[in-house]
Amino acid sequence: MAEDSAQPALLILLIGSNPLPNFLTACALKPQKIALIHTPETEKVSERLRQSLAKALGAETETVPEAIEDAASAHQVARRVGELVREGRQAGRVVLNYTGGTKVMAAHALRAFVEAGGSPDDSCYLDDGGPGASPRLRFDNGTFRTLEDCGVQPLAFETLLGLHGARLQRLSPREPAPRADDAKAMAQRILAQPPLAQQVYEAMQETFGRESDPKKLTGRPFDATKFCVKLSIGPFPTEAQIEPFSSSKADRESWFKQWRRFVGGGWLEDWVAERIEKTGLFEDGQAEPVSGFQVFRGDRSSQLEIDIAVVRNYRSYFISCTTARDKGTCKQKLFEIAVRARQLAGDLARAALVCLAEGNTLNQLRDEVDDEEAGGMAYRVPGAAAVRVFGLEDLHPWAGWAGAAPNLETLKGWLES
């Protein structure tokens, strides 16, 4: 614990590309006033942070943008921070959090803070905390306060997206919709014979082509029983299935799209999300896996590709699911989700790929993760298994194989990292 936990009169935050550490720090310290030091490049980030803090902290906290022109100018950073410290100390305690911003901003902001009379008791950095521990504010006097100790409310996925100017659109199932038993049936069959995933996908593509209106496809329905999979819907689409949507082409296409997604590989996303719930880590109701959704940034054509997301203990877990087995496709999916996770949650991000790879291919993918850098992008967060690759050797125990009870320890261990 920090020796001085009095409410700061002023909290100084340095704005970089990822506003999450700043948001959590402000929610932990609940200052009377917040100064957001940003550059023209991070002005929009600063504004989104200001809006999110207004919702989280209310009118009691004043948030003020403080612009500097050049993030690489030690003089500009030091001068403005020094002015803020001297002005703020007249009202009370001033705290500097230097997690965000550039390295130049952090180094010279801290120097200016000390030269203006700031105390090591009041300069801090948001630390990941490590596996099994809560993220924490580490003060320069050697003490720390966890976000949990500070009473920070659980982070919502929607809040995280809002900090990045993105919005969540949950997909509403249209009955008859895919069920948990359907995902289980697909998983049991395809995990037993992985090449079937590609065969099912190719058969679906051949049956439906590019057509999106199921009304034009009733003459050639897709029948999963050809692959020894019995779905609750039976062959689809049929006239009887689309009759409730006969007056609306949009509703009809939306209904058909969910089944097309499911058979084309969406079953794996649904099944993994259900496995996450079965770990027992989310029974307190504070968080739940989010799947079957779309994330948009800016206009609706700009979509962030994430299959499953869950926020727990202020950390964000992102999963990409693919029925692919080859190294090239899996590696691309792995890189994409690692980058996306890092962009959204920084050091508090965890990313995973769930695929059907096995043997040497799976080992090679895991070797990619073990590298300090892959493709110029650091995968790992110091002290944490930030990125994981789950293949058939994991999925079989998750499903409960050869009569054994389901074993979710590898999944649970990652979610607790």
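Here the structure is a predicted model, which is why all the values come from computation and not from measurement.

J.: With reference to specific residues and values, describe the overall build of the protein chain.
T.: A count of helices and strands for the protein chain gives 13 helices and 17 strands. Each principal axis of the C-alpha distribution contributes one length, and for the protein chain these read about 80 × 50 × 40 Å. Across the 417 residues that make up the protein chain, the buried fraction comes to 51%. Taking contacts inside the protein chain between residues at least 6 apart in sequence as the whole, the part at least 24 apart equals 69%. In the protein chain, 50 side chains carry a positive charge and 57 a negative one; their mean positions are 3 Å apart.

J.: A description of helix α9 (residues 249-277) should follow, citing residues and the corresponding values.
T.: The terminal C-alpha atoms of α9, which comprises 29 residues, lie only 35 Å apart, well short of the 42 Å expected from a rise of 1.5 Å per residue. Along its length, α9 shows its largest kink, about 85 degrees, at G265.

J.: Can you lay out the environment of D128 for me, pointing to particular residues and giving the numbers?
T.: Tracing the sequence through the fold places D128 in the loop between β5 (123-127) and β6 (136-139). A residue is classified by how much of its surface remains accessible, and D128, at 8% relative accessible area, is buried. Sequence-wise, D128 and R89 are 39 residues apart; in three dimensions their C-alpha atoms are separated by 29 Å. Of the polar contacts made by the side chain of D128, one reaches the side chain of R350; its length is 3.1 Å.

J.: Run through the layout of surface pockets, naming residues and quoting values.
T.: Summary: where empty space remains is shown by rolling a probe the size of a single water molecule over the atoms. Its volume calculated, the second largest pocket comes out at about 720 Å³. If you go around the second largest pocket, you meet 30 residues; those closest to its centre are T99, G101, Y125, R342 and D347. Looking at the lining of the second largest pocket, the elements with two or more residues in it are α4 (103-115), β5 and α10 (327-345). Across the lining of the second largest pocket, the residue classes tally to 12 nonpolar, 12 polar and 6 charged.

J.: I'd like a rundown of the pairing of strand β2 (residues 33-38), residues and numbers included.
T.: Where burial is concerned, most of β2 is hidden: 5 out of the 6 residues are buried. In the classification by handedness, the crossover that spans strand β1 (residues 10-14), the intervening helix α1 (residues 20-29) and the parallel β2 is right-handed. When β2 meets strand β3 (residues 62-67), the two strands line up parallel, connected through 6 bridges. Looking across to β3, one finds that K33 is bridged to E62. Taken together, β2, helix α2 (residues 43-57) and β3 form a β-α-β motif whose crossover is right-handed.

What counts as what
Every chain is numbered on its own, with residues counted from 1 as its sequence reads. With pLDDT at 70 or above as the cut-off, local features in this predicted model cover only qualifying residues; side-chain atom pairs require 80 or more to be listed or tallied, and sums for whole chains, interfaces and linings still use all residues. The basis for every side-chain value is the complete set of heavy atoms in the structure, and neither hydrogens nor water enter the calculation. Helix numbers and strand numbers start at the N terminus; a helix is a DSSP run of H or I with at least 4 residues, a strand a run of E with at least 2. Burial classes follow relative accessibility: with a 1.4 Å probe on protein chains only, a residue under 20% of its type's maximum area counts as buried, one over 50% as exposed, and anything between as partly exposed. Here a residue-residue contact requires only that any non-hydrogen atoms of the pair lie within 4.5 Å. Neither His nor the chain termini are counted; the positive set is Lys and Arg, and the negative set is Asp and Glu. Note on charges: their place is set at NZ of Lys, CZ of Arg, CG of Asp or CD of Glu. Expected helix span is given by 1.5 Å per residue-to-residue step, counting one fewer step than there are residues. Fitting axes to the seven residues that end at a residue and to the seven that start at it, the angle between those axes gives the bend at that residue. Whenever a nitrogen or oxygen atom comes within 3.5 Å of another N or O atom, the pair is scored as a polar contact, on the condition that within protein one atom can donate a hydrogen and the other can accept it, and that pairs from neighbouring residues in sequence are kept only if both atoms are in side chains. Definitions used for this entry: grid spacing 1 Å over protein atoms alone; cavity, a set of points where a 1.4 Å probe fits but cannot get out; pocket, an open set with protein on both sides within 12 Å along at least 5 of 7 lines; lining residue, one with an atom within 4 Å of a point. Grid points are joined across faces, edges and corners, and a volume is the space filled by probe spheres set on the points. Think of it as three bins: nonpolar holds Ala, Val, Leu, Ile, Met, Phe, Trp, Tyr, Cys and Pro, charged holds Asp, Glu, Lys and Arg, and polar takes everything else, Gly as well. Place the viewer so that the strands point away; then a crossover is right-handed whenever the path from the first strand over the helix to the second strand goes clockwise. Paired strands, in this sense, are two strands between which DSSP finds at least two bridges.

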